[in-house]
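# Secondary and tertiary structure notes
Here is what each chain is made of, one letter per residue.
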Amino acid sequence: MTREGRSVRLLYVINEVDYFLAHWVERAVAASESGFDVHVAAPSAERWTEIEAAGLTFHPISLVRNRLNPVAEANTIRTLVLLYRRLRPEIVHHVTIKPVIYGGLAARRANIPGVVSTVPGLGSLFASQGLRTGALRLIARIGYRMAFRDPATRVLFENGDDLQDFVAWRLIDGSQGAVIKGAGIDTDRFHPRPEPEGPIRVVMAARLLWEKGVAEFVEAARLAHEAQLPVQWVLAGDTDLGSPSAVPVAQLQAWHDDGVIDWVGRQSDMPAVLGNAHIVCHPSRYREGVPRILIEAAACGRPCVTTDAPGCRDIVRDGENGFLVPLRDSRAVTQAVAKLAQDPELRRRMGQRGREIAVSEFAKEIVIDALLTTYGRLSR
């Protein structure tokens, strides 16, 4: 993509290098291959060299993900203003709450012509209760409203519920928002495999935060054991030490040692993990965009049990490719898993439908094309 004889400069601003590599690097590389001069700004981390190895230019910034300090927050905005004025990108794409709010304010000061902001789910801030959380939620709404004040700012969501909420809360005008479903996955890499031999295995794979439904998963496993349901309950993932809602490692180890669940830690080969599963469970009460694990499971032809919550119900259609259960209802999780565990033909039929949904709505080609179309409109 060129303008006046040079490549249009596109800058991504994001809160974590690991998050960018897990969810955004394919889209950024696609933008680079289509002719954009792509840069990435994030707090420096061990894996930042992988961003440059992908052919992108990395810029370290000062940003603390899970703490609020007035001096530090003001310094982040100042850092972004200076970076924008130095790089002079035609388009800045902000991803996650602090980059969206602080980057939006900085972009106005630096007169950036094209601004895209992605809200990949509303997170625990919009799912949890309590006075402190309520106060932070109010601050966030004010920040979003200020960041989106320019009607030319494009605001992207992963599910329609979040878009509708932002319009209802008067944080954006309806014409500013659009939905691009999920991060997009490689449906060749994530493909159906025959079910494994042996006992039925139900897998939960996620960042191990309480809001992701870890306690509900463990309690569902306890109920299954009490009912003598012959199912293995596997928990894959690491705790997120940077989050206040991280499940303690000692607690995870205690559950594992007690034999309630099999905690296998973080897994890098997710197609293999899903290939060894019969059922995927994600009892989240977190305001997610569209949970990537559910898209991957659907693409691999595995039926899913998840909550009837924004994002989750965008990929899992109740009775079609899995079951939706109420939030915080472990007994309903156990019952849905039991129904699938006892009916191989139901698993096969739901798995086939899930594959159809993943390929037709969530393939990376669809997501990348929609994103590049957004950039193209801003760079004219």
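Counting starts from 1 at the beginning of each chain's written sequence and moves along it residue by residue. Note on the predicted model: pLDDT of at least 70 is required for a residue's local features to be given, and 80 or more for side-chain atom pairs to be given and counted; whole-chain, interface and lining totals, by contrast, use all residues. Based on all heavy atoms of the structure, the side-chain values leave hydrogens and waters out of the count.

Axis definition: a line fitted to C-alpha atoms, limited for helices to the stretch in contact. Angles are taken between N-to-C directions and run from 0 to 180 degrees. The numbering of helices and of strands both runs from the N terminus, where a helix is a DSSP run of H or I of at least 4 residues and a strand a run of E of at least 2. Where helix α8 (residues 214-226) meets helix α13 (residues 330-341), the axes come as close as 8 Å, and the angle between the chain directions of the two elements is 60°. Taken together, the axes of α8 and α13 lie oblique to each other. Regarding α8 and α13, the two cross each other, and that crossing is right-handed. Contacts between α8 and α13 involve Glu-216, Glu-219, Ala-220, Leu-223 and Ala-224 from the former and Ser-330, Arg-331, Val-333 and Thr-334 from the latter. Here the term charged refers only to Asp, Glu, Lys and Arg, the term nonpolar to Ala, Val, Leu, Ile, Met, Phe, Trp, Tyr, Cys and Pro, and the term polar to all other amino acids, Gly among them. Broken down by class, the residue content of the contact of α8 with α13 amounts to 4 nonpolar, 2 polar and 3 charged. Any angle from 65 to 115 degrees is called roughly perpendicular, while one under 35 is roughly parallel, one over 145 is roughly antiparallel, and all others are oblique. Throughout, a crossing is termed right-handed when the near helix is turned clockwise from the far one, and left-handed when it is turned anticlockwise from it by less than a right angle. Whether two residues are in contact is decided by their heavy atoms, any of which lying within 4.5 Å being enough.

Moving on, we come to helix α7 (residues 160-168). Regarding α7, the residues found buried are Asp-162, Leu-163 and Phe-166. Axial view of α7: buried residues confined to an arc of 100°, hence all on one face. Looking at α7, the residues exposed on the side facing more than 90 degrees away from the buried face are Gln-164 and Ala-168. In the analysis that follows, any N or O atom pair within 3.5 Å is treated as a polar contact, provided that within protein one partner can donate a hydrogen and the other can accept it, and provided that, for residues neighboring in sequence, both atoms belong to side chains. Backbone nitrogen of Asp-161 and a side-chain oxygen of the N-cap are separated by 3.1 Å at the start of α7; the cap is Asn-159. A positive backbone phi angle near 60° is found at Arg-170, which sits one or two residues after α7. Residue exposure (1.4 Å probe, protein chains only): buried if accessible area is under 20% of the type maximum, exposed if over 50%, otherwise partly exposed. The directions considered for the arc run from the helix axis to the C-beta atoms.

So, about the pairing of strand β7 (residues 114-119). Across the 6 residues of β7, 6 count as buried, placing the element largely inside the fold. Alternating positions in β7 separate into two faces, Gly-114, Val-116 and Thr-118 on one and Val-115, Ser-117 and Val-119 on the other, with burial throughout. Here strand β6 (residues 91-95) runs beside β7; their pairing, made up of 5 bridges, is parallel. The partner of Val-95 across the bridge, within β7, is Thr-118. Handedness of the crossover joining β6 and β7 through helix α5 (residues 97-109): right-handed. One bridge is not enough; two strands pair if DSSP finds at least two bridges between them. In this sheet, strand β9 (residues 154-157) lies alongside β7 in parallel orientation, the contact comprising 4 bridges. From the neighbouring strand, Val-119 faces β9, where its bridge partner is Phe-157. Orienting the strands away from the viewer, one traces the path from the first strand over the helix to the second; a clockwise path indicates a right-handed crossover.

Spatially, 7 strands are ordered β5-β4-β3-β6-β7-β9-β10 in an open sheet, and the strand pairing comes out parallel. Looking at which strands have only one partner, the edges of the open sheet turn out to be β5 (57-60) and β10 (177-179). Strand after strand, the sheet turns through a mean of 20° between neighbouring axes, direction not considered. Bridge count for strand β3 (residues 9-13) against strand β4 (residues 37-42) is 5 bridges, and the pairing is parallel. Opposite Arg-9, over in β4, you have Asp-37 as the bridge partner. In the packing of helix α4 (residues 70-87) onto the sheet, the strands contacted are β3, β4, β5 and β6, and the crossing angle to β3 comes to about 165°. Across the sheet, helix α15 (residues 364-378) lies against β3, β6, β7 and β9, angled at about 155° from β7, the strand it touches most.

The buried fraction of β3 is high, at 4 of 5 residues. Pairing analysis gives 4 bridges linking β3 to β6, with the strands arranged parallel. Considered in β6, the bridge of Leu-10 is made with Ile-91.

Without other data, these values stay purely geometric and don't point to any function.
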